[in-house]
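# Coordinates in review
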Amino acid sequence: GRNCQIDNRNECMYDPCGENGRCIDKPGDYDCNCRVQFKGKNCDVYDESSPGGIDITPSSGHPGKYLVLDYEKEQRNCRLNNCDAKAGNRQCDPECNKLACKFDEGDCNLGVNPWKRCNATSNGKPCAEIFKNGVCDPACNNEACLYDGRDCESEGAQSVCRPEYDGYCSENYNNGKCDAGCNNAACGWDGGDCAPDTDHKKPTDGSLYFVLAMSIEKFHDQFRKLFERYLSLKLQTNLKVKHDENGHAMVYPFDQSEMVEEEAFSFYTGGSGGGTFYTEGNFAIIVYMEVDNSQCVVNCYQKSGDLANYMAAALSTELRDDWSVVQIGETSNLTPKDSKSPIGIIIGILVIALVTVAIGVIVQSNKRKIGK
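Structural notes, computed from the coordinates. (Residues numbered from 1 in each chain as written. Predicted model: local features only at pLDDT ≥ 70, side-chain atom pairs only at ≥ 80, totals over all residues. Heavy atoms only, no water.)

## Digging into the state of the cysteines
This structure, assessed with the given rule, holds eleven disulfides. Each disulfide pairs two cysteine sulfurs, and for Cys118 the partner residue is Cys145, the sulfurs being separated by 2.0 Å. Residues Cys118 and Cys145 share a disulfide whose torsion about the S-S bond is about 90°; that sign makes it right-handed. Separated by 27 residues along the polypeptide, Cys118 in the loop between helix 2 (83-86) and strand 6 (121-122) and Cys145 in the loop between strand 7 (125-126) and helix 3 (163-171) bring together distant segments of the chain. Its relative accessible area of 3% is what places Cys145 among the buried residues. Across a sulfur-sulfur distance of 2.1 Å, Cys127 and Cys140 are joined as a disulfide pair. (Disulfide = S-S within 2.5 Å. Helix = DSSP H or I, 4+ residues; strand = E, 2+ residues; numbered from the N terminus. Buried < 20%, exposed > 50% of the residue type's maximum accessible area, 1.4 Å probe, protein only.)

In C-alpha cells, the structure reads:
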C-alpha cells in the first residue's frame, strides 16, 4: 500500500504451531491456539495444567501468570448446542453467535458472517470481541478485521454535520445542484453534486445488494436519497443505487424463494422484539448499489465484501430496525442476471434471429451450388 499499511504475508505459511496448535495469522505476527496440556508461543511447552488456547507471555501488565483463551471449551459448547445444524437457517441463535461457532453462519448479522476473513487477535482476544469498543487495537486495524470498528481513527475523522445544515443537506442530497455548505465529509459531500464530472471514480471490486422488507412503491425517490445518504455517512464513502444500461434504477421485486423455502418470507436477526420477522404484506425488494471511494479519506474499503462485513458487524440493528433491511451481500460489477431487464432478452432474440437467417442463407447457397 501507499503507506505500507497492508500486510500480504501469511505468518502461518510455515506452520509455526506444529501439531499441538492451530495457527492464527496476524499483521506481522501470529498466535497459536494450543491444544489442552500445551502452552507457549508455538504450543511447544507441555504442561498438564494448561487448559489450552492462546498463551500470552507474562508482561508487566500480567505479572507472574500467563493468560489463555479456551477455544476448545467454546467449540465443545458449539457441539453441545448443535450449532452446525442451526447454522444458516436464517434464525439467530445467540448461543451460536460466537467465534468458535462461526457466528451462526451470519444468521445474526443480516445473513453475513462479518469475521470470515479476520483471524487476528489483540492481547489474546479475537478482534470480534473487541470490535468498536473505543480502544484502538493495531492488530485489528486492517480491512479484513474491519478497521477495528474505526476505533483507531482520530476524533476529527468522525465529525458530524452541523444541525443547521443537516436537514437542508438531507432534503437536497444528490439533486444535481451543488450546495457548498453540504460539500464536506460530515454532510455526505452533497451526494456528489459538487464533484466535477471529470473526477476519476474509485469503485470497490464489486457491488452491494440489499434486500428490504417493503413494497417497491415505498422505495420512492425521496426514500432512496435518504437511504443513500445514511449509508454514505455511516461508511464515510459514496454509495448510490446502480442504474442499468437504460438509466433505470436497479430496484426490483425480490424473489423470496431465493432466500427461504417456506411460503411466508421470514428472517429473524435477533432483534429485541424476538420471534420471527415478517415483511409487510409479504413484500420484499432487492436494491443494487455501487461504491465510489473517490472522496473517501481514511479506512477506505477496496473489497465490497469487506464493506458488507463491516455493515453486518456495526450496523445490522439500525439497518434492520430503521430501514427494514433483512439481508445484505456482494455481487460482481456485472449486471445481475435476475435484473428483470428486457434488454438482455431482446438482444438474445435478435442474435438467434440473425444466426437463423445466416444459416438459411448458407443452406440456400449450397442448394444453388448443387443445382448447378
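The structure having been displayed, the exposition proceeds.
## Here's the deal with the packing of aromatic side chains
Considering all chains together, one arrives at 13 aromatic pairs under this definition. Seen from their ring centres, Phe210 and Phe227 are 5.4 Å apart, and the 85° between their planes marks the pair as edge-to-face. Of this pair, Phe210 sits in strand 8 (residues 207-212) while Phe227 sits in helix 4 (residues 221-235), placing them 17 residues apart in sequence. Exposure remark for Phe227: the relative accessible area of 0% places this residue in the buried category. A ring pair is formed by Phe219 and Phe227, whose centres lie 6.3 Å apart and whose planes are at 80°; its orientation type is edge-to-face. Both residues of the pair, Phe219 and Phe227, belong to the buried class. Each residue in the set Phe210, Phe219, Phe223, Phe227, Tyr230 and Trp323 is aromatic and connected to the rest through ring pairs, giving one cluster. One Lys or Arg, Lys41, reaches over the ring of Tyr30 and ends 4.4 Å from the middle of that ring. A cation over an aromatic ring shows up here: Arg150 above the ring of Tyr310, its NZ or CZ 5.5 Å from the ring centre. (Phe/Tyr/Trp six-rings, centres within 6.5 Å; stacked < 30°, edge-to-face > 60°. Lys NZ or Arg CZ within 6 Å of the ring centre and 35° of its normal.)

## Here's the deal with helix 6 (residues 316-323)
Note on helix geometry: an α-helix contains 3.6 residues per turn, so any two residues three or four positions apart are oriented the same way. Among all positions in helix 6, only Ser316, Leu319, Arg320 and Trp323 are buried. The buried residues of helix 6 occupy one face: seen down the axis, they fall within an arc of 120°. Check the buried side of helix 6 and you find it contacts strand 8, helix 4, helix 5 (304-314) and strand 12 (325-331). Backbone geometry just downstream of helix 6 places Ser324 in the positive-phi region, at approximately 60°. (Arc of directions from axis to C-beta. Contact = heavy atoms within 4.5 Å.)

## Regarding the nonpolar core
Phe210, Phe219, Phe227 and Leu319 are the most contacted members of the largest nonpolar core, which totals 42 residues. Looking at this core, the elements that each hand over two or more residues are strand 8, helix 4, strand 9 (238-241), strand 11 (285-292), helix 5, helix 6 and strand 12. Considering every element that reaches this core, the biggest residue donor is helix 5, with six residues. Those residues within four positions of Phe210 in sequence are excluded, and the remaining contacts are Phe227, Leu231, Ile285, Ile286, Val287, Met289, Met311, Val325, Gln327 and Ile328. (Core = buried A, V, L, I, M, F, W, Y, C linked by side-chain atoms within 4.5 Å.)

## Focus on the sheet that holds strand 5 (residues 53-54)
Each strand in a sheet pairs with another by means of backbone hydrogen bonds, the pair being arranged parallel or else antiparallel. Pairing in this open sheet of three strands is antiparallel, and the strands run 1-2-5 from one edge to the other. Every other strand in the sheet has two partners, leaving strand 1 (21-26) and strand 5 as the edge strands with one partner each. (Pairing = 2+ DSSP bridges.)

## Remarks on unusual backbone geometry
Look at Asn82: it is not a glycine, yet its phi comes out positive at around 55°. Although it is not a glycine, Gln236 sits at a positive phi angle of roughly 55°. Tracing the sequence through the fold places Gln236 in the loop between helix 4 and strand 9.

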